[in-house]
Amino acid sequence: MQGYYKRILVINPGSTSTKIGVFDNDVPLLERTIRHEPEETNAFENIFDQYEFRKNIILQTLDREGINISKLNAVCGRGGLLRPIEGGTYEVNDLMLKDLKEGFSGQHASNLGGIIAYEIAGGLNIPAYIVDPVVVDELDPIARISGFNLIERKSIFHALNQKAVARRAARELGKKYEELNLIVVHMGGGITVGAHKKGRVVDVNNGLHGDGPFSPERAGTVPAGDLIRLCFSGDYYRDELMKMLVGKGGMAGYLGTSDAVKVEKMIASGNKKAEQIYSAMAYQVAKEIGSQSAVLEGRIDAIILTGGLAYSKEFVNAISKRVNWIADVIVHPGENELQALAEGALRVLAGEEKAKQYPNSTNKTLTL
């Protein structure tokens, strides 16, 4: 892309902050985290009502930092809780705006990403995009079958980071993402393990309210019968149990902390329980990788470990020793969502791919 130049503003709204970045091509020129006090956001009745407030703060920050927005070529926001769609970069259109404003699949601050991007881009007569929201759904029909006819498996995973690191790994391997079979493991507060088959995530565990390995904050797959017994024991309210599964589950439930650094210090000081739980979490991640290798029929070009836990050499080694016979293990620690958003927009601006139109109907779900 030598001699090619595009400037992109990226916006990633969270519950207590809005992260922004300005990129020249894929090189960061500015990255900032704008913190929001609870009294500021609580003044609004719903998430959508915050968009003007957050948009103005973004524009003020850019002005204060000396960024001339008239030089922008595109604005890209974090995708929110939309309808299930296949992965890729989407142009923000009227139906998307409607679904983001109404919270089609739920209310979350990320819904503001596309709305604010559209508002800023509209005043500059430039395109607005979103990239790989959490609702990306490319599951094969067979992967949707749960074994219980009233429940269908859902695709909820770290789509933005998984897709971004998969593309980076493909470049390192000298191939296109769409040419490879990869197993990508995002390891943060939640852990998702995806089978990427020629550019599509054909199977992945539900990293929120679902299945797969336990993580620092989430319980993952638990025995269904025992869970039902707890639900009807009369000892717990619904919200209590949900918190015990998501938020205070997994490693936090066993050890009282979700901080892997603290757990490694506990292990170093001789805490055998901490050692066992940490080892069990790595064991379950490795087991899920093995499961996804069966999905890809053993034809895997690489296994990619990413997310915050990938900074831990001990944790990475504990997984790698169990799975490196399947394929080479590539480690991309951390997650850079701003970079991933910029790269998604840049692929469209550079003509490497076309912006998709929402909703994309190529992904068909199975009705059970």
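As the structure is a computational prediction, the values presented were derived from the model and not from experiment.

**Student:** For this particular structure, what's the right way to read the overall build of the chain?
**Tutor:** When helices and strands are counted, the chain shows twelve helices and twelve strands. The C-alpha atoms of the chain give 21 Å as radius of gyration, which agrees with the globular expectation for 368 residues (21 Å, within 12%). A total of 368 residues make up the chain; the buried ones form 50% of that total. Restricting the contact set of the chain to residue pairs at least 6 apart, pairs at least 24 apart contribute 68%. Total accessible area on the chain stands at roughly 17,900 Å², and carbon and sulfur atoms take up 50% of it. Considering the chain, the positive charge centre built from 43 side chains and the negative charge centre built from 45 side chains are found 3 Å apart.

**Student:** So what exactly am I meant to see when it comes to the side chain of Asn-206 here?
**Tutor:** Its location among the elements puts Asn-206 in the loop between strand 9 (200-204) and helix 6 (224-231). Each residue touching Asn-206, except ones within four places of it in the same chain, is listed here: Lys-154, Ile-156 and Asp-211.

**Student:** Can you walk me through the pattern of salt bridges in this structure?
**Tutor:** Side chains that carry opposite charge are capable of pairing whenever their charged atoms lie near each other. Under the defined criterion, the tally for this structure stands at 19 salt bridges. Where Glu-337 meets Arg-78, a salt bridge forms, and the shortest distance between an N and an O atom there is 3.2 Å. Residue Glu-337 is found in helix 12 (residues 337-349), and its partner Arg-78 is found in strand 4 (residues 74-78); the two are separated by 259 residues along the sequence. Both residues of the pair, Glu-337 and Arg-78, belong to the buried class. Of the charged contacts in the structure, one is a salt bridge between Arg-167 and Glu-178, with a shortest N-O distance of 3.6 Å. Separated by eleven residues along the polypeptide, Arg-167 in helix 5 (residues 159-172) and Glu-178 in the loop between helix 5 and strand 7 (181-187) bring together distant segments of the chain. Residues participating in the shared-partner salt-bridge network are Arg-167, Glu-178, Arg-347 and Glu-353.

**Student:** Help me understand the environment of Leu-95, please; the structure alone is not making it clear to me.
**Tutor:** As for its placement among the helices and strands, Leu-95 is situated in helix 3 (residues 94-102). The class of Leu-95 is partly exposed, set by a relative accessible area of 30%. Residues in contact with Leu-95, not counting those within four places in the same chain, are Arg-83, Tyr-358 and Pro-359.

**Student:** What is the right way to read the pairing of strand 10 (residues 302-307) from this model?
**Tutor:** Both faces of the sheet carry side chains from a regular strand, because those side chains alternate between them. The element strand 10 is extensively covered by neighbouring structure, given that six of its six residues are classed as buried. Residues Ala-302, Ile-304 and Thr-306 point to one face of strand 10 and Ile-303, Leu-305 and Gly-307 to the other, with burial holding for every one of them. Of the strand pairs in this sheet, strand 7 and strand 10 are connected by five bridges, and their pairing is parallel. Paired with Val-185 across the bridge in strand 10 is Leu-305. Direction of pairing for strand 10 relative to strand 11 (residues 329-333): parallel, over a ladder of five bridges. Residue pairing across strands places Leu-305 opposite Val-331, the latter belonging to strand 11.

**Student:** What am I meant to see in the packing of helix 9 (residues 260-268) against helix 10 (residues 272-295) here?
**Tutor:** The description of two packed helices rests on the angle between their axes and on the distance between the axes. Orientation of helix 9 relative to helix 10, taken along the N-to-C sense of each, is 130°, at an axis distance of 8 Å. Overall, the two elements helix 9 and helix 10 adopt an arrangement that is oblique. Regarding helix 9 and helix 10, the two cross each other, and that crossing is left-handed. Counted together, Ala-260, Val-263, Glu-264, Met-266 and Ile-267 of helix 9 and Ala-274, Glu-275 and Tyr-278 of helix 10 form the full contact between these two elements. When grouped by side-chain class, the residues that make up the contact of helix 9 with helix 10 number six nonpolar, no polar and two charged.

Reading the values: the criteria
- Throughout this description, residue numbers start from 1 for each chain and increase along the sequence as written.
- Residue-level local features of this predicted model are given only where pLDDT is at least 70; pairs of side-chain atoms are given and counted only at 80 or more, and the full residue set underlies all totals for whole chains, interfaces and linings.
- Here the side-chain values reflect all heavy atoms present in the structure, with hydrogen atoms and water set aside.
- The secondary structure listing takes helices from DSSP runs of H or I that are at least 4 residues long and strands from runs of E that are at least 2 residues long, numbered from the N terminus.
- Atoms counted for the radius of gyration: C-alpha only. Globule rule: 2.2 Å times the number of residues to the power 0.38.
- Think of it in three bands: residues with accessible area under 20% of the maximum for their type are buried, residues over 50% are exposed, and the middle band is partly exposed, with areas taken using a 1.4 Å probe on protein chains only.
- Should any heavy atoms of two residues lie within 4.5 Å, those residues are considered in contact.
- For the area figures, the Shrake-Rupley method with a 1.4 Å probe applies, and any residue is considered shielded solely by the protein chains shown.
- Counting rule for charge: Lys and Arg are taken as positive, Asp and Glu as negative, and neither His nor the chain ends is counted.
- Where a charge lies is defined by one atom per residue type, namely NZ (Lys), CZ (Arg), CG (Asp) and CD (Glu).
- Here, a salt bridge means any Lys or Arg side-chain nitrogen found within 4 Å of an Asp or Glu carboxyl oxygen.
- For two strands to pair, DSSP has to find at least two bridges joining them.
- For helices, the axis comes from a line fit to the C-alpha atoms of the stretch in contact; other axes are also lines fit to C-alpha atoms, and the angle between any two N-to-C directions lies between 0 and 180 degrees.
- These descriptions rest on fixed angle ranges, namely under 35 degrees for roughly parallel, over 145 for roughly antiparallel, 65 to 115 for roughly perpendicular, and the rest for oblique.
- Each crossing is labelled by how the near helix is turned from the far one, with a counterclockwise turn of less than a right angle marking it left-handed and a clockwise turn marking it right-handed.
- Charged residues are taken to be Asp, Glu, Lys and Arg, nonpolar residues to be Ala, Val, Leu, Ile, Met, Phe, Trp, Tyr, Cys and Pro, and polar residues to be all remaining types, Gly included.

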